[in-house]
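Chains, contacts and geometry: an overview
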Amino acid sequence: MNPIHPDLAPLARAAKEFSKEFRVMGTGTGSALTAALREAVARNTGWLRREHRVGDPVRYMRHLIYVDPDDDFVITAITWLPGQQSPVHGHFVWCAFGVVEGELTEETF
């Protein structure tokens, strides 16, 4: 079993539902997922631990928080140090993100 912090359980349930909807319909509204993500970010009451905040001076780091037992989605914490950026890239799967600390600027091409 893959344990999850109780404060992330609503986010995991919403991600699971969105994943099912996306798989069946090819799209989804994501409103429940968005609300659950906002709540999880706002209620950061210990799920984002110290080791999830570690950065790398060369590039951003990914920290695995939770893996859905059916491999429908993962929850990760991505840490950028000031001034870092990711290369231009695309996503071939659905993706949602929230900012727990600091600021993030996204440029869409």
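Attention here is on the structure that accompanies the text. This one's a predicted model, so the numbers in the text were calculated from it and none came from an experiment.

**Here we look at the nonpolar core**
A general feature of soluble globular proteins is that nonpolar side chains tend to end up buried together. Among the nonpolar cores identified, the biggest contains 18 residues, and L8, L11, L33, I65, Y66, F73 and I75 are the most heavily contacted of them. For this core, the secondary structure elements donating two or more residues are α1 (9–25), α2 (31–42), β1 (61–67) and β2 (74–79). Non-local contacts of L11, meaning those with residues more than four positions away in its chain, are made with L33, A36, L37, A40 and I75.

**Some points on unusual backbone geometry**
Of note in the backbone geometry, D71 takes a positive phi value of approximately 60° without being a glycine. Taking relative accessible area as the criterion, D71 reaches 62% and is therefore assigned exposed.

**Remarks on the side chain of D68**
Looking at the secondary structure, you find D68 in the loop between β1 and β2. Of the polar contacts made by the side chain of D68, one reaches the side chain of K16; its length is 2.9 Å. Here D72 takes part through its backbone nitrogen, which lies 3.0 Å from a polar atom of the side chain of D68.

**Some points on the environment of R43**
Examined against the element boundaries, R43 turns out to sit in the loop between α2 and β1. Overall, the relative accessible area of 41% leaves R43 in the partly exposed class.

**Considerations on the packing of aromatic side chains**
A complete count under the given rule lists two aromatic pairs for this structure. A centroid spacing of 5.5 Å and a plane angle of 40° characterise the contact between Y60 and W80, whose relative ring orientation is tilted. Note that Y60 is positioned in the loop between α2 and β1 and W80 in the segment after β2, a separation of 20 residues in sequence. Taking relative accessible area as the criterion, Y60 reaches 12% and is therefore assigned buried. Look at W80 and you get partly exposed, because its relative accessible area is 32%. Ring plane angle 40° and centroid distance 6.0 Å describe the contact between Y66 and F73, whose orientation is recorded as tilted. F73 matches Y66 in its accessibility class, with the two residues each being buried. When the ring centre of Y60 is taken as origin, the NZ or CZ atom of R59, which lies over that ring, is 4.8 Å away.

What counts and how
- Residues numbered from 1 in each chain as written.
- Predicted model: local features only at pLDDT ≥ 70, side-chain atom pairs only at ≥ 80, totals over all residues.
- Heavy atoms only, no water.
- Core = buried A, V, L, I, M, F, W, Y, C linked by side-chain atoms within 4.5 Å.
- Buried < 20%, exposed > 50% of the residue type's maximum accessible area, 1.4 Å probe, protein only.
- Helix = DSSP H or I, 4+ residues; strand = E, 2+ residues; numbered from the N terminus.
- Contact = heavy atoms within 4.5 Å.
- Polar contact = N/O pair within 3.5 Å; in protein donor to acceptor, adjacent residues only side chain to side chain.
- Phe/Tyr/Trp six-rings, centres within 6.5 Å; stacked < 30°, edge-to-face > 60°.
- Lys NZ or Arg CZ within 6 Å of the ring centre and 35° of its normal.

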